[in-house]
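Understanding the architecture of this molecule
Chain residues, written in single-letter form:
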Amino acid sequence: MVVYCPACEALVQTEKLSSHEKFNVDYDFAPMRYSLLKCTACNEIQLVEQYLVGYEPENEDHWSSAKRNWPLPELELPLHVPAVTKKSIEEAERCLRAKAFTACTVMTGRALEGICRHYATSSRYLGAGIKELKEQGVIDEKLFEWSEALHLHRNIAAHADERTITEEDARDLMDFTIAICEYIFVLSEKFKDFKARQNS
Ligand SMILES: [Zn+2]
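- Taking an unreviewed UniProt entry as the reference, the chain is identified by name as DUF4145 domain-containing protein belonging to Thiomicrorhabdus heinhorstiae.

**Quick word on the overall build of the chain**
- Helices and strands together make up the secondary structure of the chain, namely 5 helices and 5 strands.
- Traced from its N-terminal end to its C-terminal end, the chain shows the element sequence β-β-β-β-β-α-α-α-α-α.
- Expressed along its principal axes, the backbone C-alpha trace of the chain runs to roughly 55 × 55 × 25 Å.
- Long-range pairs, those at least 24 residues apart, make up 43% of the contacts in the chain between residues at least 6 apart in sequence.
- Total accessible area on the chain stands at roughly 12200 Å², and carbon and sulfur atoms take up 53% of it.

**Thoughts on the packing of aromatic side chains**
- Applying the stated rule across the entire model yields 3 aromatic pairs.
- Arranged with centres 6.4 Å apart and planes meeting at 25°, the rings of tyrosine 119 and phenylalanine 185 form a pair that is stacked. Pair noted here: tyrosine 119 is in the loop between helix H2 (101–118) and helix H3 (126–135) and phenylalanine 185 is in helix H5 (residues 167–199), with a separation of 66 residues, a long-range link.
- Note on phenylalanine 185: relative accessible area 6%, which makes it buried.
- With centroids separated by 6.1 Å and ring planes inclined at 25°, the aromatic side chains of phenylalanine 191 and phenylalanine 194 adopt a geometry described as stacked. Placement of both phenylalanine 191 and phenylalanine 194 in helix H5 is noted, with a separation of 3 residues, approximately one turn of the helix.
- Between arginine 33 and the ring centre of tryptophan 63, over which it is positioned, the NZ or CZ distance is 4.5 Å.
- Between arginine 97 and the ring centre of tyrosine 4, over which it is positioned, the NZ or CZ distance is 4.6 Å.

**Re the coordination of the zinc ion**
- Those protein atoms acting as donors to the zinc ion are Cys5 (SG), Cys8 (SG), Cys39 (SG) and Cys42 (SG), and they sit at 2.3 Å.
- For the zinc ion, the 4 donor atoms are set out with angles of 103 to 114° between them, so the coordination reads as tetrahedral.
- In terms of primary sequence, the donors binding the zinc ion are separated according to C-x2-C-x30-C-x2-C.
- Accessibility expressed as a relative area gives 2% for cysteine 39, which makes it buried.

**Here we look at the nonpolar core**
- Counting 32 residues, the largest nonpolar core has Ile89, Leu112, Ile115, Ile139, Ile180 and Ile184 as the members making the most contacts within it.
- When residues of this core are traced back to their parent elements, those giving at least two are helix H1 (83–97), H2, H3, helix H4 (141–158) and H5.
- Considering each element in turn, this core owes the most residues, 8 residues, to H5.
- Non-local contacts of isoleucine 115, meaning those with residues more than four positions away in its chain, are made with Thr85, Leu133, Ile180, Cys181, Ile184 and Phe185.

**Structural notes on the domain arrangement of the chain**
- Looking at the chain, the domain boundaries give domain 1 (2–70) and domain 2 (83–190).
- Taken over C-alpha atoms, the centre of domain 1 sits 31 Å from the centre of domain 2.

**So, the side chain of threonine 85**
- Tracing the backbone shows threonine 85 in helix H1.
- On the basis of relative accessible area, threonine 85 is assigned to the buried category, the value being 0%.
- Apart from the residues within four sequence positions on either side, threonine 85 is in contact with Ala111, Gly114, Ile115 and Cys181.

**Overview of a nonpolar patch on the surface**
- There is a patch of nonpolar side chains on the surface, built from Leu17, Ile45 and Trp70 and spanning about 280 Å² of accessible area.
- Judged by its relative accessible area of 43%, leucine 17 falls in the partly exposed class.

**A word on the pattern of salt bridges**
- By the definition in use, this model includes 10 salt bridges.
- When the shortest N-O distance is used, the salt bridge between arginine 97 and glutamate 93 registers 3.9 Å. Here arginine 97 and its partner glutamate 93 are both found in helix H1, 4 residues apart, which amounts to about one turn of the helix.
- Its relative accessible area of 28% is what places arginine 97 among the partly exposed residues.
- Among the salt bridges present, the one from lysine 134 reaches glutamate 141, with a minimum N-O distance of 3.1 Å.
- For lysine 134, a relative accessible area of 31% translates into the label partly exposed.
- On the basis of relative accessibility, which here comes to 47%, the residue glutamate 141 falls in the partly exposed class.
- What you see here is one network of salt bridges that share partners, running through Glu49, Lys67 and Glu76.

Rules of the game
- Residues numbered from 1 in each chain as written.
- Predicted model: local features only at pLDDT ≥ 70, side-chain atom pairs only at ≥ 80, totals over all residues.
- Heavy atoms only, no water.
- Helix = DSSP H or I, 4+ residues; strand = E, 2+ residues; numbered from the N terminus.
- Contact = heavy atoms within 4.5 Å.
- Areas by Shrake-Rupley, 256 points an atom, 1.4 Å probe, with all protein chains shown as cover.
- Phe/Tyr/Trp six-rings, centres within 6.5 Å; stacked < 30°, edge-to-face > 60°.
- Buried < 20%, exposed > 50% of the residue type's maximum accessible area, 1.4 Å probe, protein only.
- Lys NZ or Arg CZ within 6 Å of the ring centre and 35° of its normal.
- Donors = N, O, S within 2.8 Å, 3.2 Å for Na, K, Ca; no water.
- Tetrahedral: all angles 85-135°; square planar, octahedral: opposite > 155°, others 65-115°.
- Core = buried A, V, L, I, M, F, W, Y, C linked by side-chain atoms within 4.5 Å.
- Domains from an automatic or database assignment.
- Patch = residues over 30% accessible without salt bridge, like charges linked within 9 Å, V, L, I, M, F, W, Y side chains within 5 Å.
- Salt bridge = Lys/Arg side-chain N within 4 Å of Asp/Glu carboxyl O.

So this is what it looks like as structure tokens:
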């Protein structure tokens, strides 16, 4: 199986050391498979999971692509994140892996733009859109501050600027973007449901 090896920081051929199939009780008892893989280049191991997407478990083509659980679990975005934002964050992660930090930062800005579109802000510009998100109460003061930092760095990244985006900055900006999504699309919704339960 060809997968990304975090140690090699590249796609590598792996050898399957063992695997275990089970039913996923959280997902309609869909068949899934865990495999322990060894990188043929560096000898490191990793645990991946796959879902049966076809009908024949014996047919390798009927399993989904492998998602790494350990080490460095692959990014799993909350279900309700808007499609544009989700795609942008996934692309930002691929840029991070390829050490394209400027491109990564541009994609985190795009992810934020996706949130503005989702909440139908009247301005098409990111700066004004973020302000509207705060006025609408979608984000609070702290997230507004993070969003402004993302906006500033997106502008540095998107234009032919002398300043560069370091790996550390790109990683931090990525973490802020994911935290903003979790706050808006998971925790806020959860709290709304919690309040509704208390009031009923
Ligand atoms: Zn490797």
